[in-house]
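Spelled out, the chains give:
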Amino acid sequence: MRDPTSTGDDLVRVLATLSNPHRVRVVAALAGGRNYVSRLARELDISRALLQVHLKKLEAAGLVSSQLELSEDGKAMKFYEVNPFSVHLTPELLASAAETLTIEKGSPR
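What you see is a predicted model, and the numbers here were worked out from it, not measured in a lab. (Residues numbered from 1 in each chain as written. Predicted model: local features only at pLDDT ≥ 70, side-chain atom pairs only at ≥ 80, totals over all residues. Heavy atoms only, no water.)

A. Just the overall build of the protein chain, in detail. When you go through the protein chain residue by residue, the secondary structure sums to five helices and three strands. In sequence order, the secondary structure elements of the protein chain are arranged as α-α-β-α-α-β-β-α. Dimensions of the protein chain, computed from the C-alpha atoms along their principal axes, are close to 55 × 25 × 20 Å. The proportion of buried residues among the 109 residues of the protein chain is 30%. A sequence separation of at least 24 residues applies to 51% of the contacts in the protein chain between residues at least 6 apart. Placing the 14 positive and 13 negative side-chain charges of the protein chain at their respective mean positions leaves the two points 7 Å apart. (Helix = DSSP H or I, 4+ residues; strand = E, 2+ residues; numbered from the N terminus. Buried < 20%, exposed > 50% of the residue type's maximum accessible area, 1.4 Å probe, protein only. Contact = heavy atoms within 4.5 Å. Lys, Arg positive; Asp, Glu negative; His and termini not counted. Charge placed at Lys NZ, Arg CZ, Asp CG, Glu CD.)

Right, dumping it as structure tokens:
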């Protein structure tokens with residue numbers, strides 16, 4: 001897997017994704033091993049709909065990945081697992097990342 005923080009925009013996306021407590025809890029739960037949506041929702045005591053919103057954001061940021069599998073009874077189950085990643089913030093990393101940030105016209109600087 002590529003580094004999820006390879007550019008300034010990627011770093012901002014990863015940090016923004018992890019700024020939500022539910023998503024931090026999801027990553028923590030998946031750090032213990034892959035899991036499917038229904039079981040993970042029960043373990044975290046949140047609805048499957050809310051969990052899927054957070055899983056999509058984590059997947060878009062490259063922090064988790066999913067795989068659809070069929071159970072023995074033919075039921076489709078989506079399993080998620082954490083992708084290996086490390087974010088070590090230093091002033092030098094932030095200076096380097098800042099050079100690759102995309103600033104859109106009209107946005108505050």
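Back to the write-up after that little detour.
B. Highlighting the pairing of strand β2 (residues 64-70). The sheet contact formed by β2 and strand β3 (residues 76-82) spans seven bridges and is antiparallel. Residue pairing for β3: Leu 70 is matched across the bridge by Ala 76. (Pairing = 2+ DSSP bridges.)

C. Inspection of the packing of helix α2 (residues 21-31) against helix α4 (residues 48-60) at higher detail. Relative orientation of the contacting elements α2 and α4 amounts to 80 degrees, with a least axis distance of 10 Å. Comparing the axis directions of α2 and α4 gives the class roughly perpendicular. Contacts between α2 and α4 involve His 22, Arg 23, Val 26, Val 27 and Leu 30 from the first element and Leu 50, Leu 51, His 54, Leu 55, Lys 57 and Leu 58 from the second. Here the contact of α2 with α4 is composed, by residue class, of seven nonpolar, two polar and two charged. (Axes fitted to C-alpha atoms, helices over the stretch in contact; angles between N-to-C directions. Parallel < 35°, antiparallel > 145°, perpendicular 65-115°, else oblique. Nonpolar A, V, L, I, M, F, W, Y, C, P; charged D, E, K, R; others polar.)

D. A look at the packing of aromatic side chains. Per the stated rule, a full pass over the model turns up one aromatic pair. Ring geometry for Tyr 36 against Phe 79: centres 5.6 Å apart, planes inclined by 65 degrees, an arrangement best described as edge-to-face. One end of the pair, Tyr 36, is in strand β1 (residues 35-36); the other, Phe 79, is in strand β3, and 43 residues separate them in sequence. You can call Phe 79 buried: its relative accessible area is 14%. Of note, Arg 34 hangs over the ring of Phe 79, and the distance from its end group to the ring centre comes to 4.1 Å. (Phe/Tyr/Trp six-rings, centres within 6.5 Å; stacked < 30°, edge-to-face > 60°. Lys NZ or Arg CZ within 6 Å of the ring centre and 35° of its normal.)

E. Highlighting the side chain of Thr 17. Mapped onto the elements, Thr 17 comes out in helix α1 (residues 8-17). Thr 17 sits in the buried class, given a relative accessible area of 7%. With residues up to four places along the chain from it excluded, the contact list for Thr 17 reads Arg 23, Lys 57, Leu 58, Ala 61 and Leu 63.

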